[in-house]
Amino acid sequence: MKLRKINKCPICRSDKIRKIGKIKNHLKEIDNKFDLMKCESCLHRFISKFPSQAVLINLYKTDSPLVFGGTNHEVDQKKKFINNGFKNVPVQNDHWIFKYVNINNGRFFEIGPGLCRLYKTFLSKGWSCQGLEPRSFVKIKGIKKTFNEIKNDNDIVAAFDVLEHVENPIEILKKINKKMKKNGQIFLTFPHSESFKSKILKERWQMVVPLAHLHFFSGKSTDIMLKKAGFRTVVIKDFSFVEVRRLFRNLIKLPFLILKDIFKFKFKNITNRLFEFYLNFLDLIKGDQLKVVAIKI
Ligand SMILES: [Zn+2]
């Protein structure tokens, strides 16, 4: 596979970039092949070499393990989705974006609708909906495989967990921008390079999975990228996948588990457990994901 070495920050173009560490992977083909890099100027993180977007699209189309950063849970969800069909997808009226969506009805466009919960929610609210999903398992009305098939004048665009997967997020945002109405809102999520998990775990952070994830965004790199693509940032907030209730339950169990480890002389387990708890606790303070709202200017 042809890879391009990245010599400048892909977002702010600064050449003040520095290597953080070599990325290990269970796939031999990409083990130790990439470095995690950091831009000293905008704090963006990225992997040291990128394939072209055409190569990436092909890897996704063929469900290649090289772009499969997904967990077993995701595989199960996908199987369920295929078996149960679209009519059994639950709607998500409490999705965070409805706190910000400023019109009642219009055109909605989602890139990478995945299991289609949000997509179905907009459909059920009577919006005219379009989706872009190059993977073949989604066959639903309005969902297209290529960008050219998407109609213009969208009011709301959502791209959740998309931009970390692409070669050039600014180019993608520019393309999206052209498909939007003026003052239309765009909603994004992606991994947060300035989170505690990213800073403490560095290249061992679970978000660092080449070639699935190429980019890890800071507040600053997000803002620069949006400006370059013709948007004004309205909200940038970190959030965490860690559930408070679950973490609390783990805290209650922790002393018992540690006692068990002591009896079994598994002392390494104890440090691992305490470290994991500490990381998850920190993630609630500065989460390893960002949610973003911006407006087309
Ligand atoms: Zn930069």
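Up top is the structure these notes are about.
We now turn to the structure provided with this report.

Cut-off values and rules
- Sequence order as written defines the numbering, with residues in each chain counted from 1.
- Where local features are concerned, this predicted model is filtered to residues with pLDDT of at least 70; where side-chain atom pairs are given and counted, the filter is 80 or more; whole-chain, interface and lining totals use all residues.
- Think of the side-chain values as coming from all heavy atoms in the structure, minus any hydrogens and water.
- Labels follow the DSSP assignment, with helices taken as runs of H or I lasting at least four residues and strands as runs of E lasting at least two, numbered in each case from the N terminus.
- The reference for a compact globule is 2.2 Å times residues^0.38; the radius of gyration itself is calculated from the C-alpha atoms.
- Burial classes follow relative accessibility: with a 1.4 Å probe on protein chains only, a residue under 20% of its type's maximum area counts as buried, one over 50% as exposed, and anything between as partly exposed.
- Residue contacts are counted whenever heavy atoms from the two residues lie within 4.5 Å of one another.
- The Shrake-Rupley method, run with a 1.4 Å probe, gives the accessible areas here. Residue values count only the displayed protein chains as cover.
- Within this scheme the basic residues Lys and Arg register as positive and the acidic residues Asp and Glu register as negative, but His and the chain ends are omitted.
- For this purpose, a charge sits on NZ of Lys, CZ of Arg, CG of Asp or CD of Glu.
- Coordinating N, O and S atoms are those within 2.8 Å of the metal (3.2 Å for Na, K and Ca), and as water is not part of the atoms, a site may appear to have fewer donors than expected.
- Every geometry call rests on angle ranges, with four donors termed tetrahedral when all angles are between 85 and 135 degrees, four termed square planar and six termed octahedral when opposite donors are over 155 degrees apart and all others are between 65 and 115, and everything else termed irregular.
- Pairing between two strands is assigned when DSSP locates at least 2 bridges connecting them.
- When the strands point away from the viewer, a crossover counts as right-handed if the route from the first strand across the helix to the second turns clockwise.
- Patch criteria: residues need more than 30% relative accessible area and no salt bridge. Like-charged residues are merged within 9 Å; nonpolar side chains of Val, Leu, Ile, Met, Phe, Trp and Tyr are merged within 5 Å.
- Salt-bridge detection follows one rule: a side-chain nitrogen of Lys or Arg within 4 Å of a carboxyl oxygen of Asp or Glu.

**Details of the overall build of the protein**
Here is step 1: Helix and strand counts for the protein come out as eight helices and 13 strands.
Here is step 2: The C-alpha radius of gyration of the protein comes to 20 Å, within 12% of the 19 Å expected for a compact globule of 297 residues.
Here is step 3: With the principal axes as the frame, the protein shows a C-alpha extent of 65 × 45 × 35 Å.
Here is step 4: The proportion of buried residues among the 297 residues of the protein is 48%.
Here is step 5: A sequence separation of at least 24 residues applies to 71% of the contacts in the protein between residues at least 6 apart.
Here is step 6: Carbon together with sulfur atoms contributes 54% to the accessible area of the protein, which is approximately 16,000 Å² in total.
Here is step 7: A gap of 1 Å separates the mean positions of the 58 positive and 27 negative side-chain charges of the protein.

**Re the coordination of the zinc ion**
Six octahedral donors around a metal ideally make angles of 90 or 180 degrees; four tetrahedral donors ideally make 109.5 degrees.
Here is step 1: Distances from the zinc ion to its protein donors, namely Cys 9 (SG), Cys 12 (SG), Cys 39 (SG) and Cys 42 (SG), fall within the range 2.3 Å.
Here is step 2: Here the zinc ion binds four donor atoms, and the angle range of 103 to 116 degrees at the metal identifies the geometry as tetrahedral.
Here is step 3: If you list the donors of the zinc ion from N- to C-terminus, the spacing comes out as C-x2-C-x26-C-x2-C. On the criterion of sequence distance, the pair formed by Cys 9 in the loop between β1 (4-5) and β2 (17-22) and Cys 39 in strand β3 (residues 35-39) is long-range, its members being 30 residues apart. When sorted by exposure, Cys 9 lands in the same class as Cys 39, which is buried.

**Concerning the pairing of strand β9 (residues 154-160)**
Here is step 1: Most of β9 sits out of view: seven of its seven residues are buried.
Here is step 2: Pairing between strand β6 (residues 107-111) and β9: four bridges, direction parallel. Opposite Glu 110, over in β9, you have Ala 158 as the bridge partner.
Here is step 3: For the crossover that starts at β9, traverses helix α4 (residues 169-178) and ends in the parallel strand β10 (residues 180-191), the hand is right-handed.

**Quick notes on a nonpolar patch on the surface**
Here is step 1: A cluster of nonpolar residues, Leu 259, Ile 262, Phe 263, Phe 265 and Phe 267, forms a patch on the protein surface that exposes about 590 Å² of accessible area.
Here is step 2: A total of three residues in the nonpolar patch trace back to one element, the largest contributor, which is helix α7 (residues 244-263).
Here is step 3: Summarising the element assignment, Phe 267 is placed in helix α8 (residues 267-285).
Here is step 4: The exposure class assigned to Phe 267 is partly exposed, which follows from its relative accessible area of 46%.

**Quick look at the sheet that holds strand β4 (residues 45-47)**
Here is step 1: Taking strand neighbours across the sheet as the criterion, the four strands line up as β2-β3-β4-β11 in an open arrangement whose pairing is antiparallel. Two strands lie at the open edges of the sheet, namely β2 and β11 (215-216), each paired on one side alone.
Here is step 2: Bridge analysis of β2 against β3 gives five bridges, and the strand direction is antiparallel. Bridging across to β3, Lys 19 finds its partner in Met 37.

That's the geometry; what it means functionally is another story.
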